[in-house]
Amino acid sequence: MRGSYREVVGSCFQVAAILFCAGASAQTAGTLTLVEGRLALVRGAALYTATQGVRLEYGDILAIDPKGQAQVEFQDGAILNLSQGARAMLTGVAPGARGQLEIAVLSGWAKFTRKKSGKSAPYRVLTPLAEIASGEATAVLNAGDDFTALYIESGAVRISEIGRKGTQRATRDAKGGEFIVRRGEQSASFASRPSAEFLKNMPRHFQDNLPILIERVKNKRAEPKREHEVTYAEVEVWLKASSSIRRNFVKRFEIRSKDPEFRRKLIENFREHPEWDRVLFPEKYETKDSNGPKNGPPGAQQ
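Thresholds, definitions, all that
- Position numbers for residues start from 1 in each chain and track the written sequence from start to end.
- The predicted origin of the model limits local features to residues at a pLDDT of at least 70 and limits the giving and counting of side-chain atom pairs to 80 or more, whereas totals for whole chains, interfaces and linings rest on all residues.
- Hydrogens and water are ignored here; the side-chain numbers use all heavy atoms of the structure.
- Salt bridge, as used here, is a side-chain nitrogen of Lys or Arg placed within 4 Å of a carboxyl oxygen of Asp or Glu.
- Note on conventions: DSSP H or I runs of at least 4 residues are helices, E runs of at least 2 residues are strands, and numbering of each starts at the N terminus.
- With a 1.4 Å probe rolled over the protein chains alone, any residue whose accessible area is under 20% of its type maximum counts as buried; one over 50% counts as exposed, and the rest are partly exposed.
- In this analysis, two residues are considered to be in contact whenever any of their non-hydrogen atoms come within 4.5 Å of each other.
- It is the directions from the helix axis to the C-beta atoms whose arc is reported.
- Whether two aromatic rings pair depends on their centres lying within 6.5 Å, for rings of Phe, Tyr and Trp, where Trp uses its six-membered ring; planes under 30 degrees apart make the pair stacked, over 60 edge-to-face, and the rest tilted.
- Buried residues of nine kinds, namely Ala, Val, Leu, Ile, Met, Phe, Trp, Tyr and Cys, make up a nonpolar core once their side-chain atoms join them within 4.5 Å.
- In this description, a line fitted to the C-alpha atoms serves as the axis of each element, helices being fitted only across the stretch in contact, and the angle between N-to-C directions of two axes falls anywhere from 0 to 180 degrees.
- Throughout, the term roughly parallel applies to angles under 35 degrees, roughly antiparallel to angles over 145, roughly perpendicular to angles from 65 to 115, and oblique to all others.
- Should the near helix be turned anticlockwise from the far one by less than a right angle, the crossing is left-handed, and should it be turned clockwise, the crossing is right-handed.
- Note that Gly is not counted as nonpolar here; it falls among the polar residues with everything else outside the nonpolar set of Ala, Val, Leu, Ile, Met, Phe, Trp, Tyr, Cys and Pro and the charged set of Asp, Glu, Lys and Arg.

J.: Where do I start with the pattern of salt bridges in this structure?
T.: Note on pairing: side chains with opposite charge can pair once their charged atoms come close. Under the criterion given, the structure shown has 16 salt bridges. Among the ionic contacts, a cluster of salt bridges with common partners joins E261, R264, K265 and E268.

J.: Is there a simple way to explain the environment of I64 in this structure?
T.: Topologically, I64 is positioned in strand β5 (residues 61-64). Of the residues examined, I64 reaches a relative accessible area of 7% and is grouped as buried. Non-local contacts of I64, meaning those with residues more than four positions away in its chain, are made with R38, L39, Q69, A70, L82, S83, G85 and A86.

J.: What should I look at first to understand helix α6 (residues 260-268) in this one?
T.: Among the residues of α6, those classed as buried are F262, K265 and L266. On an axial view of α6, the arc spanned by its buried residues comes to 105 degrees, and they lie on one face. In this fold, the buried residues of α6 make contact with α4 (232-239), α5 (249-253) and α7 (277-280).

J.: Explanation requested: the packing of aromatic side chains in the structure shown.
T.: For any pair of aromatic rings, the description rests on two quantities: the centre-to-centre distance and the angle between the ring planes. One pass over the structure, following the stated rule, counts five aromatic pairs. On the basis of an interplanar angle of 65 degrees and a centroid distance of 5.0 Å, the ring pair of F179 and F198 is categorised as edge-to-face. Placement of F179 in strand β13 (residues 179-183) and of F198 in helix α2 (residues 196-201) is noted, with a sequence separation of 19 residues between them. In this structure, F179 and F198 share a single accessibility class: buried. Pairing F270 with F281 gives two aromatic rings, centres 6.0 Å apart and planes at 75 degrees, and the pair type is edge-to-face. Pair noted here: F270 is in the loop between α6 and α7 and F281 is in the segment after α7, with a separation of 11 residues, a long-range link. Members of the aromatic cluster, each reached through a chain of ring pairs, are W109, F179 and F198.

J.: Looking at this model, I keep getting lost on the nonpolar core. Mind explaining?
T.: Buried together is how nonpolar side chains tend to be arranged in soluble globular proteins. Core analysis: the largest hydrophobic core is formed by 41 residues, its most contacted members being L32, L39, L56, L62, L80, L82 and L150. Here this core takes six residues from strand β10 (residues 130-144), the largest share from any one element. Listed in part, the 26 residues of the second largest apolar core include A40, V230, W238 and L239.

J.: What am I meant to see in the packing of α4 against α6 here?
T.: Between two packed helices, what matters for the description is the angle formed by their axes and the separation of those axes. One can describe the packing of α4 onto α6 by two numbers: an axis separation of 11 Å at closest approach and a directional angle of 30 degrees. One element, α4, and the other, α6, form an angle in the roughly parallel class. In this structure, the crossing between α4 and α6 has a hand that is right-handed. Listed contacts from α6 to Y232, V235 and L239 of α4 are F262, K265 and L266. A breakdown of the residues in the contact of α4 with α6 according to their chemical character gives five nonpolar, no polar and one charged.

This is the structure:
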């Protein structure tokens, strides 16, 4: 595949993409088979550091070192590599998707590959501006708050544009060799090869096939090291993500709202995550008339 890859890429390459897996046990989503640099793991409402051999769970949030990488391998043979400061969350089963697994990539670079199995359920990847559905494909993704870039190395995906309020817009299929870019609220553009900028910034190891490393950690059971209860700053970008990504965060981080500094920052940034209203201002809901709550934090709009 390496040879054909470089023929397709030529002097250019960049990418944008999706990820991850299918099949997994009730708790285990995948296994960390490679970690270079520091890997921060948010599990529940606490921050951990993780090394290779750690079993990941649904809901785990990963923050990769800006100069590092981490690779996750799944039970169905899927491989996901996150690099150069990537932030991702293994969100688990997509609502109403009959077992469809999903992952959110908030920012950074990711490459995934999935061998043909015929038994694996489809999966989808969420970025701030796109939803990517795939069964078996190899692709590279670069995502940010105001852009999504995807290069499909092989296979096929279905990509849907997502509006700022989480609404789904245009949807179309894309196949191996195509390069898709979406910026801001603009419609996605499609090209037959990645841009020079994309190729220049892409992690060098993404030019090659992702290695299969699961065997060397198969019998190694590592546990993440707990550091401390998560701070607002450590999850701020997630709390301010699109509604589809942050849908379960109130329940998950509610316990941290009892911390004075965490609570202060929630109120200060209330407009970015208004779903915290009931937790922050429970008195508004104690005696609620038919018109609903009347008051909010200073300057906030209902």
